[in-house]
Each structure stands twice: as C-alpha cells, then as structure tokens.
Amino acid sequence: MTPEQIDHLRTMYRNYYHDSIDSLPDGWFTIVTDFLGEMDGIGDLTDAVSVRLERTPSGLKAFVFPEMSRWSNEHMHQLRTAQRTLYGLSQTTCETCGKGAVYAPLVAGRFFCAEHDGGGNNAS
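Residues numbered from 1 in each chain as written. Predicted model: local features only at pLDDT ≥ 70, side-chain atom pairs only at ≥ 80, totals over all residues. Heavy atoms only, no water.

Draft legend 1. Geometry of the overall build of the chain. Of regular secondary structure, the chain possesses three helices and four strands. Ordering the α and β elements of the chain from the N terminus gives α-α-β-β-α-β-β. When each of the 124 residues of the chain is scored for burial, the buried share is 41%. Pairs at least 24 residues apart make up 46% of the contacts formed inside the chain by residues separated by at least 6 positions. (Helix = DSSP H or I, 4+ residues; strand = E, 2+ residues; numbered from the N terminus. Buried < 20%, exposed > 50% of the residue type's maximum accessible area, 1.4 Å probe, protein only. Contact = heavy atoms within 4.5 Å.)

Draft legend 2. Region of interest: helix 1 (residues 3-12). Listed in full, the buried residues belonging to helix 1 are Gln-5, Ile-6 and Leu-9. For helix 1, the angular spread of the buried residues around the axis is 100 degrees, confining them to a single face. Opposite the buried face of helix 1, by more than 90 degrees, sit the exposed residues Pro-3, Glu-4 and Thr-11. In this fold, the buried residues of helix 1 make contact with helix 2 (29-42). (Arc of directions from axis to C-beta.)

Draft legend 3. Spatial organisation of helix 2. Between its first and last C-alpha atoms helix 2 spans 20 Å; for 14 residues at 1.5 Å apiece the expected length is 20 Å, and the two agree. Along helix 2, the positions that sit buried rather than exposed are Phe-29, Ile-31, Val-32, Thr-33, Phe-35, Leu-36, Met-39 and Ile-42. Those residues of helix 2 that are buried lie in contact with helix 1, strand 1 (49-56), strand 2 (59-66) and helix 3 (73-90). (Expected span 1.5 Å × (residues − 1).)

Draft legend 4. Seen up close, the packing of helix 1 against helix 2. Their axes nearest at 11 Å, the elements helix 1 and helix 2 cross at an angle of 5 degrees. By the criterion of interaxial angle, the relationship of helix 1 to helix 2 is roughly parallel. Contacts from Gln-5, His-8 and Leu-9 of helix 1 reach helix 2 at Phe-29, Val-32, Thr-33 and Leu-36. In the contact of helix 1 with helix 2, the residues fall into four nonpolar, three polar and no charged. (Axes fitted to C-alpha atoms, helices over the stretch in contact; angles between N-to-C directions. Parallel < 35°, antiparallel > 145°, perpendicular 65-115°, else oblique. Nonpolar A, V, L, I, M, F, W, Y, C, P; charged D, E, K, R; others polar.)

Draft legend 5. Up close: the nonpolar core. Residues Leu-9, Val-32, Phe-35, Met-39 and Leu-53 are the most contacted members of the largest nonpolar core, which totals 28 residues. Sorting the residues of this core by element identifies helix 1, helix 2, strand 1, strand 2 and helix 3 as the ones contributing at least two each. By residue number, the principal contributor to this core is helix 2, which donates seven residues. (Core = buried A, V, L, I, M, F, W, Y, C linked by side-chain atoms within 4.5 Å.)

Draft legend 6. Inspection of the packing of helix 2 against helix 3 at higher detail. Where helix 2 contacts helix 3, the axes come no closer than 10 Å and their chain directions differ by 175 degrees. In terms of their interaxial angle, helix 2 and helix 3 are classed as roughly antiparallel. Residue-level inspection shows Ile-31, Val-32, Phe-35, Glu-38, Met-39 and Ile-42 of helix 2 in contact with helix 3, the latter providing His-75, Gln-78, Leu-79, Ala-82, Gln-83, Leu-86, Leu-89 and Ser-90.

Draft legend 7. Representation of the pairing of strand 2 in the model. As judged from the eight bridges shared by strand 1 and strand 2, these two strands associate in the antiparallel manner. Opposite Leu-53, over in strand 2, you have Ala-62 as the bridge partner. The antiparallel pairing of strand 1 with strand 2 creates a hairpin that spans two residues between the two strands. (Pairing = 2+ DSSP bridges.)

Draft legend 8. Broad picture of the confidence of the model for the chain. Summing up the model confidence of the chain, the mean pLDDT is 84 and the portion of residues at 70 or higher is 82%. Per-residue pLDDT, averaged within each element of the chain, yields its smallest value for strand 3 (residues 102-103) (65) and its largest for helix 1 (96). (pLDDT = per-residue confidence, 0-100.)

Draft legend 9. A look at the pattern of salt bridges. Here the structure, examined in full by the defined rule, presents five salt bridges. Taking the shortest distance from any N to any O, the salt bridge between Arg-52 and Glu-54 comes out at 2.8 Å. With relative accessibility at 29%, the residue Arg-52 sits in the partly exposed group. Taking relative accessible area as the criterion, Glu-54 reaches 32% and is therefore assigned partly exposed. When salt bridges with common partners are traced through the structure, they connect Asp-7, Arg-10 and Asp-22 into a single cluster. (Salt bridge = Lys/Arg side-chain N within 4 Å of Asp/Glu carboxyl O.)

What follows is the structure, encoded as structure tokens:
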C-alpha cells in the first residue's frame, strides 16, 4: 500500500493496525478499511484482540486472535462474517486499482480487472 494509505489506516485503526497491512496491494485499501471498520464496530474490545492480514494464493485472510473470555457468541459471529466478507471481496477486487476483478490463472493467487489482467502489463 502507499505510504498515505498506510498512514490513514494506522491513524484511523491504531488498535487493530498490524504491519502485515504494509505489503498489501494498493487496490485492496478499501476492503481492508472496511474490514477494520467492522472490527471497530464489533464493540469495545480493542484491548482484547490482535489482527494480522495475510495474502494467500486464494485471497486475503484475516487472522484475528480475540481474548475468548471477553467475546460473546455474537461477537464471534460478527468476526467470522467480517473475515469471510474480506476474503470474498479480495477475490473480486483488483489489486492494482480496486475495481472488480477476476482470478488471474497465469499469476497464481493474484486478482486483477481486465485493464490490469495480470499478464505483467500494468500489474504490480
């Protein structure tokens, strides 16, 4: 992500921010922002959770480690929903520009729109 995007996320979501975000592609800024917003909306549990994001061959996964004694079943359900949403959106969001994407089979684990097709033309 760009330094500006990183600074924005670090400032807005300092309780959930993890350095794993720094290496994510620029096009996933919005879906990461939305995920961290969902985390923030789960409740006042910022001192009871750590978050790490990892790009995998099948999409972006969020590893969240809550302190189980503080999380209710509803909190856990909201967390699982947010994780599934992020994962699914990463598979349909261009890594370069953030528009709709398709899986690029020539570049395993990469997701690009038609303009940034993953053939190396404009992909980062």
